[in-house]
Amino acid sequence: MASYVQAADFNKNNALEVRVLVDVSERMKISDPDNHRIAALKLFIKLLPNNANVGIWMFDNMTTEIMKTGKSGISWKIQALKNLEQVHSSGKAADIERALAVASLDWVEKDKDARRHIVLLTDGKITSGKTKKGNAESKERVLNYQLTRLKAGAVSIHTVGFSEDADIEFLGVIASETLGWFEVVKKPEQLERALLRVNKRLVEKNSIPLIANKFTVDETVRQFTAVVFRKKGFGSTQLDDPEGMDFGRSSDRVGVNWHREKKYDIVTVTKPMEGEWRLIAPADPGNEIFITTNLQMAVEDMPKEIFAGSDTRIKMLMTDKGKLLQNSNMLSVIDATVEITNKRGD
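Residues numbered from 1 in each chain as written. Predicted model: local features only at pLDDT ≥ 70, side-chain atom pairs only at ≥ 80, totals over all residues. Heavy atoms only, no water.

## Quick notes on the sheet that holds strand β8 (residues 214-217)
By way of backbone hydrogen bonds, the strands of a sheet pair with one another, either parallel or antiparallel.
Next up, step 1: The sheet built from 3 strands is open, its strands ordered β8-β13-β10 with antiparallel pairing. On the outer flanks of this sheet lie β8 and β10 (238-240), each paired with one strand and no other. Here the strands of the sheet are splayed against their neighbours by 25° on average, with no regard to which way each runs.
Next up, step 2: Two strands pair when backbone bridges link them, and β8 and strand β13 (residues 275-280) are joined in this way by 4 bridges, in the antiparallel orientation. Its bridge partner lying in β13, F215 is registered against W277. (Pairing = 2+ DSSP bridges. Helix = DSSP H or I, 4+ residues; strand = E, 2+ residues; numbered from the N terminus. Axes fitted to C-alpha atoms, helices over the stretch in contact; angles between N-to-C directions.)

Structure (structure tokens):
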């Protein structure tokens, strides 16, 4: 029982703190001419838990607040989605050094009760200096000073680089040194999927398998959220419940919320009916079904790094409505697997 309490308390006390930085320099006219950054950030925001502490800034030669740091509840998210329309591509320069400093200004000391993350969307090109030498010096200060400070504060930086012209080495080092996620988006149309992967990295989510566009909901599921990527020419996404009733965007169902963008749909269903649900949409490996359930997995504190060949023990316990699950019949049908990826997510 002591192990269970320790695991539950560890998960509860580690509050999620996220700072988002999005490049709006004129280089984005080339890297992201159709401004896919807005739709991608909307997906990221929609999938954050309601109790995270989140702030959003855009940066060029200055760092400008898009959304004030606060609890990411429903009202905060509604305003954040509106404010994201401010994202542009007309800034004269890209001062990554200043942006990182502004976003982490209140992170003076390490907080053992917080999980701190910075999400950086940029091509990694520092153009804040008046000369190439000035840009190089700013880059060195990021690598030699800022990373040291942020690592001491247990801050992970997740970098998403725009286009193959991105400064891959610079962005890769920033992520690697802080145990963050690094990804290069070759086409701006891939940004939504990239930020979904970053979100999954930051937020511990329960999900259920989606097979042949079908998924099964049992009595323990209180809510599910489907992320469905759309394809040109397919038509509107539709969701059918176990009785074959349409939960599409045009339906007027209680407890159903739809968010639609050009490239994806997000639908959340509260108190869903038990049984097999079906998506009427293009099959896509990026589609996800996230669930909120009475059953939870409690895991003791794990190291941020696990080296190949090392002997690492992971202790896991199952809880039902916050209490240790002791039903032997239910425990006997639970299988657990562990997936280990490297710092770059491979």
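## A few points about the side chain of S138
Next up, step 1: Position of S138 relative to the elements: it lies in helix α6 (residues 132-152).
Next up, step 2: Accessibility expressed as a relative area gives 2% for S138, which makes it buried.
Next up, step 3: Leaving out residues up to four positions away in the same chain, S138 has contacts with D95, E97, I126 and S128. (Buried < 20%, exposed > 50% of the residue type's maximum accessible area, 1.4 Å probe, protein only. Contact = heavy atoms within 4.5 Å.)

## Digging into the packing of helix α3 (residues 36-46) against helix α4 (residues 74-83)
Next up, step 1: For the pair α3 and α4, the least separation of the axes is 10 Å and the interaxial angle reads 175°. Put simply, α3 runs roughly antiparallel to α4. For the pair α3 and α4, contact is made by K42, I45 and K46 and by W76, K77, A80 and L81, respectively.
Next up, step 2: Residues that form the contact of α3 with α4 fall into these classes: 4 nonpolar, no polar and 3 charged. (Parallel < 35°, antiparallel > 145°, perpendicular 65-115°, else oblique. Nonpolar A, V, L, I, M, F, W, Y, C, P; charged D, E, K, R; others polar.)

## Description of the nonpolar core
Next up, step 1: Counting residues in hydrophobic clusters, the biggest one holds 35 residues, and the most contacted among them are F44, I45, I56, V119 and L195.
Next up, step 2: Mapped onto this core, the elements with two or more residues apiece are β1 (15-23), α3, β2 (53-59), β3 (63-71), α4, β4 (114-122), β5 (155-162) and α8 (191-202).
Next up, step 3: Within the second largest apolar cluster, 23 residues are counted, among which are A99, W107, L147 and F182. (Core = buried A, V, L, I, M, F, W, Y, C linked by side-chain atoms within 4.5 Å.)

## Quick notes on the pairing of β2
Next up, step 1: Buried residues dominate β2, accounting for 7 of its 7 residues.
Next up, step 2: Taking every second residue as pointing to the same face, both faces of β2 are buried, with N53, G55, W57 and F59 on one and V54, I56 and M58 on the other.
Next up, step 3: Where β1 lies against β2, 7 bridges are found, and the strand directions are parallel. By the bridge assignment, L21 is partnered in β2 with W57.
Next up, step 4: Pairing of β2 with β3, which is carried by 6 bridges, proceeds in the antiparallel orientation. Bridge assignment links I56 to a residue of β3, and that residue is M67.
Next up, step 5: What sits between β2 and β3 in their antiparallel hairpin is a turn of 3 residues.

## So, the environment of D246
Next up, step 1: Examined against the element boundaries, D246 turns out to sit in the loop between β10 and β11 (256-260).
Next up, step 2: When the C-alpha positions of D246 and R278 are compared, they lie 9.7 Å apart, and in sequence the two are 32 residues distant.
Next up, step 3: The residues contacting D246, other than those within four sequence positions of it, are Q238, L239, D240, S251 and R253.

## Some words on helix α5 (residues 96-103)
Next up, step 1: Of the residues making up α5, those classed as buried are I96, E97, A99, L100 and A103. Viewed along the axis of α5, the buried residues span an arc of 165°, placing them on a single side of the element.
Next up, step 2: Near the N-terminus of α5, the side chain that reaches the backbone nitrogen of E97, with its oxygen 3.4 Å away, is that of D95. (Arc of directions from axis to C-beta. Polar contact = N/O pair within 3.5 Å; in protein donor to acceptor, adjacent residues only side chain to side chain.)

## Looking at unusual backbone geometry
Next up, step 1: Residue N35 is not a glycine yet carries a positive backbone phi of 55°.
Next up, step 2: Within the secondary structure layout, N35 lies in the loop between α2 (28-31) and α3.
Next up, step 3: Phi angles above zero are rare outside glycine, and L179 is one such case at about 60°.
Next up, step 4: With respect to the helices, strands and loops of the structure, L179 is situated in the loop between α7 (168-177) and β6 (182-185).

## Focus on the sheet that holds strand β7 (residues 206-207)
Next up, step 1: Taken together, 5 strands build an open sheet; the order of strands is β7-β14-β9-β12-β11 and the sheet is antiparallel. In this open sheet, the two strands that pair with only one neighbour each are β7 and β11.
Next up, step 2: The pairing of β7 with strand β14 (residues 288-293) spans 2 bridges and is antiparallel. Counterpart to S207 in the pairing with β14 is F290.

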